[in-house]
Amino acid sequence: GIGPAVAIPKLLNDAGVSTEDSELYQINEAFVSQAKYCFEVLGLDGSKVNVNGGAIALGHPLGCTGARLTVSFLHEMKRT
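Residues numbered from 1 in each chain as written. Predicted model: local features only at pLDDT ≥ 70, side-chain atom pairs only at ≥ 80, totals over all residues. Heavy atoms only, no water.

## Remarks on the confidence of the model for the protein chain
Here's step 1: Scored by pLDDT, the protein chain comes out at a mean of 85, with 95% of its residues at no less than 70.
Here's step 2: When mean pLDDT is taken per element in the protein chain, helix H1 (residues 3-15) scores highest with 94 and helix H3 (residues 55-58) scores lowest with 72. (pLDDT = per-residue confidence, 0-100. Helix = DSSP H or I, 4+ residues; strand = E, 2+ residues; numbered from the N terminus.)

Given below as C-alpha cells:
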C-alpha cells in the first residue's frame, strides 16, 4: 500500500532527522504504482531507494517479506 508515504515522515520526525540524512531506503512495493506514489509524495532520490531491487524485482515470497527486506537492507548498509 501507500503506508511508507505516511510512516517514513513520522519515523524520521520521531528520530529528529530528515530525508536528506538517510543514505538508503528499502521500501516493500507490491505494485509499481504504489512505489511511484510513495517516491513522489516523499520526494525521495531514486538512487537511494531499493538499490538492489525490491519486491517487484526480487520476488515477493509469502511470509518472508520482512526477513528479506531486513537482510537486503543490512547487507547494503554494510557495503556502503
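## Comments concerning H1
Here's step 1: Along its 13 residues, H1 runs 18 Å from first to last C-alpha, staying within 8% of the 18 Å computed at 1.5 Å per residue.
Here's step 2: Residues of H1 that are buried include every one of Pro4, Ala5, Ile8 and Leu12, and no others. The arc that holds the buried residues of H1, viewed along the axis, is 100°, so those residues lie on one side. Exposed residues pointing more than 90 degrees away from the buried face of H1 are listed as Val6, Lys10, Asn13 and Asp14.
Here's step 3: Packed against the buried residues of H1 are helix H2 (32-42).
Here's step 4: One or two residues past the end of H1 sits Gly16, with phi positive at roughly 75°. (Expected span 1.5 Å × (residues − 1). Buried < 20%, exposed > 50% of the residue type's maximum accessible area, 1.4 Å probe, protein only. Arc of directions from axis to C-beta. Contact = heavy atoms within 4.5 Å.)

## Some thoughts on H2
Here's step 1: Taken residue by residue, H2 has Gln34, Ala35, Cys38 and Leu42 as its buried positions. The buried residues of H2 all sit within an arc of 95° when viewed along its axis, so they share a single face. Counted as exposed and oriented over 90 degrees from the buried face of H2: Val32, Ser33 and Glu40.
Here's step 2: Among the residues trailing H2, Gly43 stands out with phi positive, at a value near 65°.

## A few points about the packing of H1 against H2
Here's step 1: Packing of H1 against H2 leaves a shortest axis separation of 8 Å and a crossing angle of 35°. Taken as a pair, H1 and H2 cross one another with a handedness that is right-handed. Across the interface between the two elements, Pro4, Ala5, Ile8 and Pro9 from H1 touch Tyr37, Cys38, Val41 and Leu42 from H2. (Axes fitted to C-alpha atoms, helices over the stretch in contact; angles between N-to-C directions. Left-handed = near helix turned anticlockwise from the far one by under 90°.)

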